[in-house]
Amino acid sequence: MSEKLRVGILGATGMVGQRFIALLENHPWFEVVTVAASPRSAGKTYEEAVEGRWKMTTPIPEAVKKLVLKNVNEVEEVASTVDFVFSAVDMSKDEIKAIEEAYAKTETPVVSNNSAHRWTPDVPMVVPELNPEHFDVIEFQKKRLGTTRGFIAVKPNCSIQSYAPALFALKEFEPKEVVVSTYQAISGAGKTFKDWPEMVENVIPFIGGEEEKSEKEPLKIWGKVEDGVIKTAEDGPKITAHCIRVPVLNGHTASVFVKFGKKPTKEQIIEKWESFSGEPQKLELPSAPKQFIRYMTEDNRPQVKLDVDFENGMGVSMGRLEEDSLFDYKFVGLSHNTVRGAAGGAVLCAEMLKAKGYIAAKNQ
């Protein structure tokens, strides 16, 4: 590309907003030109606003330090400076729905990390390797919004990334029943151990809303676009989930039990995982992992400390695949919750949307 697309980050000072900032440094297609946050942060430089609460391990990118934060509620002002925005705002669901639609109606595409629009029937919720065809629903959404280029697209919940791709890769064997327990990192709550000292040496067996998302969101990904909306798959697996907060900074681990309609061999499962790829790999998108799913043969892998950054945090790792006495198989999955599960997944969605022509410079 001769010129990079101009990007805005809504909710730029929070943990996911910071992850967007870090991931987009030196991105070949996108350049962060505008940062927006709550009115209390507006008017400060980005460096001033996150002083003492920058949570990434890499330093604040020089190009962003001196950007002056805009008020995220001044939609027209923010939208006038960018080609599209990433949304990571911290508001109520109703407020998020309203503000993301307001940005879309300024003809500014919104790629959201938030859950507010995941069940809006004409909003695609996409893992680009799994269901990129759901972006087709955008044309119907634009008619509803009365826009020519503005729309909303979302990525799914971070916790499902550690097992939904593995199940999706095995679709031909008809997964029927799934029991999953996710062991979720504290960064999924936007926290570090400094912010949340009570999580040190602790486990909390409840995360509000997570179990419903974990059980239902994979079925929307499994669904099809029909009559201008995404119809949730009726033939997808029945999933029951427990979601547990554990004293880990980054990395969601899943323990999965699955029963198939057509039971595969262990060798078939591993082959399907290792060879699985999608459009991001074919298109060689900048953030796409070369290998999306890998299988680790060691009994004690995958481990958060050793494996969470596989493929720069954009790949998922599987292990412990064994036949089970009640179900057909059991296995363990691991994904990086703030990279593949949050900001990185949204960046990959934006790259796919750009490649498909949905996102372009506003002067085009």
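Everything quoted here is computed from the prediction, not taken from an experiment. (Residues numbered from 1 in each chain as written. Predicted model: local features only at pLDDT ≥ 70, side-chain atom pairs only at ≥ 80, totals over all residues. Heavy atoms only, no water.)

**Student:** Help me understand the sheet that holds strand β2 (residues 30-37) in this model?
**Tutor:** Across a sheet, strands are paired by hydrogen bonds formed along the backbone, either parallel or antiparallel in direction. What the 6 strands build is an open sheet, ordered β3-β2-β1-β4-β5-β6; its pairing is parallel. If you trace the sheet from one side to the other, it starts and ends with β3 (70-71) and β6 (152-154), each paired once. Inspection of the sheet shows strand β1 (residues 5-10) paired to strand β4 (residues 84-87) by 4 bridges, in the parallel sense. Paired with glycine 8 across the bridge in β4 is valine 85. (Pairing = 2+ DSSP bridges. Helix = DSSP H or I, 4+ residues; strand = E, 2+ residues; numbered from the N terminus.)

**Student:** Just checking my understanding: could you explain empty space enclosed by the protein for this structure?
**Tutor:** Regions of empty space are outlined by a rolling probe, equal in size to a water molecule, passed over the atoms. Applying the stated criterion to the full structure yields 1 cavity of 30 Å³ or more. By volume, the largest cavity is sized at about 30 Å³. For the largest cavity, the full set of lining residues is Val126, Val127, Pro128, Lys155, Gln161, Arg340 and Gly345. (1 Å grid on protein atoms, 1.4 Å probe; cavity = no way out; pocket = protein on both sides within 12 Å on 5 of 7 lines; lining within 4 Å. Points joined across faces, edges and corners; volume = space filled by probe spheres on them.)

**Student:** What exactly am I supposed to notice about the state of the cysteines here?
**Tutor:** Throughout the structure, instances matching the rule amount to 0 disulfides. Residue cysteine 158 stays outside any disulfide, its sulfur separated by 9.2 Å from that of cysteine 243, the closest cysteine. Note on cysteine 349: no disulfide assigned, nearest cysteine sulfur contributed by cysteine 158 at a separation of 14 Å. (Disulfide = S-S within 2.5 Å.)

**Student:** Can you walk me through the pattern of salt bridges in this structure?
**Tutor:** Oppositely charged side chains are able to pair whenever their charged atoms sit close together. For the structure on display, the rule yields 24 salt bridges. The salt bridge involving lysine 231 is made with glutamate 226; its shortest N-O contact spans 3.8 Å. Taking relative accessible area as the criterion, lysine 231 reaches 36% and is therefore assigned partly exposed. Glutamate 226 sits in the partly exposed class, given a relative accessible area of 38%. A cluster of three or more residues bridged by salt bridges with shared partners is formed by Glu47, Glu62, Lys65 and Lys66. (Salt bridge = Lys/Arg side-chain N within 4 Å of Asp/Glu carboxyl O. Buried < 20%, exposed > 50% of the residue type's maximum accessible area, 1.4 Å probe, protein only.)

**Student:** Help me understand unusual backbone geometry in this model?
**Tutor:** Leave glycine aside and you will find that most residues have negative phi; peptide bonds, for their part, are mostly trans. Of the consecutive residues arginine 301 and proline 302, the connecting peptide bond is found in the cis state with omega at 5°. Inspection of the secondary structure puts proline 302 in the loop between β12 (293-296) and α11 (304-307). Even without being glycine, glutamate 201 reaches a positive phi, approximately 55°. Following the sequence through the fold, glutamate 201 ends up in the loop between β7 (175-184) and α8 (210-221). Here arginine 320, not a glycine, exhibits a phi torsion of approximately 55°, which is positive. Mapped onto the elements, arginine 320 comes out in strand β13 (residues 316-323).

**Student:** Please explain the packing of aromatic side chains as it appears in this structure.
**Tutor:** The relation between two aromatic rings is expressed through the spacing of the ring centres and the mutual angle of the planes. Considering all chains together, one arrives at 13 aromatic pairs under this definition. On the basis of an interplanar angle of 85° and a centroid distance of 6.2 Å, the ring pair of tyrosine 46 and tryptophan 54 is categorised as edge-to-face. Here tyrosine 46 falls in the buried class, since its relative accessible area comes to 0%. Looking at tryptophan 54, the relative accessible area reads 19%, which means it is buried. Seen from their ring centres, phenylalanine 168 and tryptophan 222 are 5.4 Å apart, and the 65° between their planes marks the pair as edge-to-face. One end of the pair, phenylalanine 168, is in helix α7 (residues 164-168); the other, tryptophan 222, is in the loop between α8 and β8 (224-226), and 54 residues separate them in sequence. On the basis of relative accessible area, phenylalanine 168 is assigned to the buried category, the value being 11%. According to the relative accessible area criterion, tryptophan 222 is buried, its value standing at 9%. Each member of the aromatic cluster is reached from another via a ring pair, and the members are Phe20, Trp29, Phe30, Phe84 and Phe86. (Phe/Tyr/Trp six-rings, centres within 6.5 Å; stacked < 30°, edge-to-face > 60°.)

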